[in-house]
Amino acid sequence: MTGIVSYGAYIPLYRMGHEVIAQVWGKRAGKGERSVASYDEDSLTMAVEATMDCVSTGGREGVDGLYFASTTSPYREKQCASIVAAAADLEQGITTMDFANSLRAGSNALKAALDAVKAGPSSKVMVAAADCRLAYPQSVQEQGLGDAAAAVMVGSSDVLAEAEDSYSVSDDITDLWRKESDHFVRSWEDRWVLSYGYDRNIRAATSGLLKKAALKPADFNKVVMCGPDGRSLEEAARSLGFDKAQLQDSLLGVVGNTGAAHPLLLLAAALEQARPGERLLLASYGDGADAFSFRMTDRVLTARKPRGVRGNLTSKRALTSYGKYLCFRNLVEQPEELIRLFPAATVMWRTRDWSLRGHASRCRRCGLVTFPIQRVCYRCGSKDDYEQTRLTDKKGKVFTYSVDNMAGTPDPPVVQTVVESDEGQARLYCLMTDCDPPAVKVGMPVEFTFRRFHECGGFINYFWKCRPVRG
């Protein structure tokens, strides 16, 4: 049996109401809000968050592949899947792949993972999809797009959703696109996009799956269908014979259209509510369409629940400043940081066990845990007698902190903290993000989060920060 073993999701803390955008341009606001990635987040860091949420329930043991899917990868010529795998502390002897350039990148990666596990080369493959797309200012898409990530673990044992069948169609149609030099998503005329792009392809893939698997619309308890808007989604589902009650909430009004991540995000939301024996249909669109049929096993109830979509939705903070949104997305020029750092690729490679994987050293002689990794124990003096231990999936508390009002950042002030980790009371210095500075206090519970640190030396420097425990 091949299918989904575990799942996870990540939605940024910040949500911006559609009226905040509309007010700036003097336009009509749509109902709802959209998620907004913070200034130190991108598709890669969000994928790490979703992956960590997924392994919190499924574990890291036996994972021999990680597929990263996004249309907004931070690198053009460097594999992002390898960075996600390192930050999630997966084994080095795994297969890593990037899927890109299509809104179907997430579902394409899912299909590739299912095929790899079913064929036998792999036993467990993690699929992480994330997007952080930019829409033209004043456009309808500016209110409609959202930032998020989702991850699913595909395996052949302890399956909670069995993959029954799939069907795909390919269509070379220019409806939504971005060239190498484009910052914003381009779109052709709406009727063309909806009628000849979305509607025709999503119906072709879904009806093809029904015919191939000899199933009827009534055989499905839940239909997870991606769509550019709620109305088009409901019309496509109705034309295929599905009832509105079968449709999974599209999340368009509370998160937005999250691009390549959206199919897996909706799938994770559906799995949170699924019951044993139920059948689920997943359909995604982008230069064609993919459709999948899953059947729930008894484990869908007994599997430990991640923070998931539900936990992320209930943990949020309103972003009421459109100017701050522009700063978060680097759409306005900002002053240079007061402190300039000059990193080296060689140093990053040598320190990757603690800077990317978040490992500390535990002295085998006295048990002292230190971060960064130290060759010499400063308590008992033993040398090179330590083992590595992971800190990033542990909680901690603020030991001490300071608030820097002068540091250059799109989201001032900067809260600098010394965190005491639950792992052996190790103390480490890190910046705090996603926080309300006046509310920070000694003893506050915090957790670790993987973020962009700076972009000096011509490459992106990622590191671990802390944040107040979400939820």
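Residues numbered from 1 in each chain as written. Predicted model: local features only at pLDDT ≥ 70, side-chain atom pairs only at ≥ 80, totals over all residues. Heavy atoms only, no water.

Undergrad: Lay out the layout of surface pockets with the relevant residues and their values.
TA: Estimates place the volume of the second largest pocket at around 1200 Å³. Along its surface, the second largest pocket is lined by 46 residues, and V140, Q141, G144, P228 and D229 are the ones closest to its centre. Class assignment for the residues of the lining of the second largest pocket results in 18 nonpolar, 17 polar and eleven charged. (1 Å grid on protein atoms, 1.4 Å probe; cavity = no way out; pocket = protein on both sides within 12 Å on 5 of 7 lines; lining within 4 Å. Points joined across faces, edges and corners; volume = space filled by probe spheres on them. Nonpolar A, V, L, I, M, F, W, Y, C, P; charged D, E, K, R; others polar.)

Undergrad: Break down the pattern of salt bridges for me, with residues and values.
TA: Applying the stated criterion across every chain yields a total of 39 salt bridges. Note that D393 and R390 form a salt bridge whose closest N and O atoms lie 3.1 Å from each other. Exposure remark for D393: the relative accessible area of 35% places this residue in the partly exposed category. With a shortest N-O distance of 3.9 Å, K395 and E447 are connected by a salt bridge. Separated by 52 residues along the polypeptide, K395 in strand β18 (residues 395-404) and E447 in strand β21 (residues 445-454) bring together distant segments of the chain. (Salt bridge = Lys/Arg side-chain N within 4 Å of Asp/Glu carboxyl O. Buried < 20%, exposed > 50% of the residue type's maximum accessible area, 1.4 Å probe, protein only. Helix = DSSP H or I, 4+ residues; strand = E, 2+ residues; numbered from the N terminus.)

Undergrad: How would you sum up the sheet that holds strand β15 (residues 359-363)? Please name residues and give values.
TA: The strands making up a sheet associate through hydrogen bonds between their backbones, and the pairing can be parallel or antiparallel. The three strands are arranged β16-β15-β17 in an open sheet whose pairing can be described as antiparallel. Taken across any chain shown, the strands that pair with only one partner, and hence form the sheet edges, are β16 (369-370) and β17 (386-390). As judged from the two bridges shared by β15 and β16, these two strands associate in the antiparallel manner. Bridging from a neighbouring strand, S361 pairs with T370 of β16. (Pairing = 2+ DSSP bridges.)

Undergrad: Which residues make up the pairing of β18, and what values do they have?
TA: Two elements, β18 and β21, share three bridges in a ladder whose sense is antiparallel. Looking at the pairing, K395 lines up with E447 of β21. When β18 meets strand β19 (residues 414-421), the two strands line up antiparallel, connected through eight bridges. When the sheet's bridge partners are listed, V398 is paired in β19 with V419.

Undergrad: Account for helix α4 (residues 105-119), with residues named and values stated.
TA: Residues spaced three or four apart along an α-helix face the same direction, because each turn holds 3.6 residues. Between its terminal C-alpha atoms α4 stretches 21 Å, which fits the 21 Å expected from 15 residues at 1.5 Å a residue. Phi for G120, located one or two positions after α4, is positive at around 115°. (Expected span 1.5 Å × (residues − 1).)

Undergrad: Hey, could you go over the environment of G3 for me, with residue numbers and the actual values?
TA: Within the secondary structure layout, G3 lies in strand β1 (residues 3-10). With a relative accessible area of 0%, G3 lands in the buried category. For G3, the contacting residues outside a window of four places in its chain are L114, M153, V154, G155, V159, A161, E162 and A163. (Contact = heavy atoms within 4.5 Å.)

Undergrad: Any details on the nonpolar core? Residues and values, ideally.
TA: The biggest cluster of nonpolar side chains holds 56 residues, and the ones touching the most others in it are L44, V48, L66, M126, M432 and F450. No other element matches the eight residues that helix α2 (residues 43-58) contributes to this core. In contact with L66, other than residues within four places in its own chain, are T51, A81, V84, A85, L90, I94, T95, T96, M97 and M126. Core analysis: the second largest hydrophobic core is formed by 46 residues, Y67, A105, A148 and L280 among them. (Core = buried A, V, L, I, M, F, W, Y, C linked by side-chain atoms within 4.5 Å.)

Undergrad: Residue-level account of a nonpolar patch on the surface, with values.
TA: Among the surface-exposed residues, W188, W192 and Y196 lie close enough to one another that they form a single nonpolar patch of about 370 Å² accessible area. Mapped onto the secondary structure, Y196 falls in helix α6 (residues 190-213). (Patch = residues over 30% accessible without salt bridge, like charges linked within 9 Å, V, L, I, M, F, W, Y side chains within 5 Å. Areas by Shrake-Rupley, 256 points an atom, 1.4 Å probe, with all protein chains shown as cover.)

Undergrad: An account of α6 is requested, with residue identities and associated values reported.
TA: Look at α6: 33 Å from first C-alpha to last across 24 residues, which is about the 34 Å you get at 1.5 Å a residue. In α6, a bend of some 25° at D199 exceeds every other bend along the element. Regarding α6, the residues found buried are V193, G197, Y198, N201, I202, A205, T206, G208, L209 and L210. Close packing links the buried residues of α6 with β8 (161-170), β10 (186-187), β11 (222-225), α7 (230-239), β12 (279-285) and β13 (288-296). A214 lies just past α6 and shows a positive phi near 55°. (Bend = angle between axes of the 7 residues up to and from the residue.)

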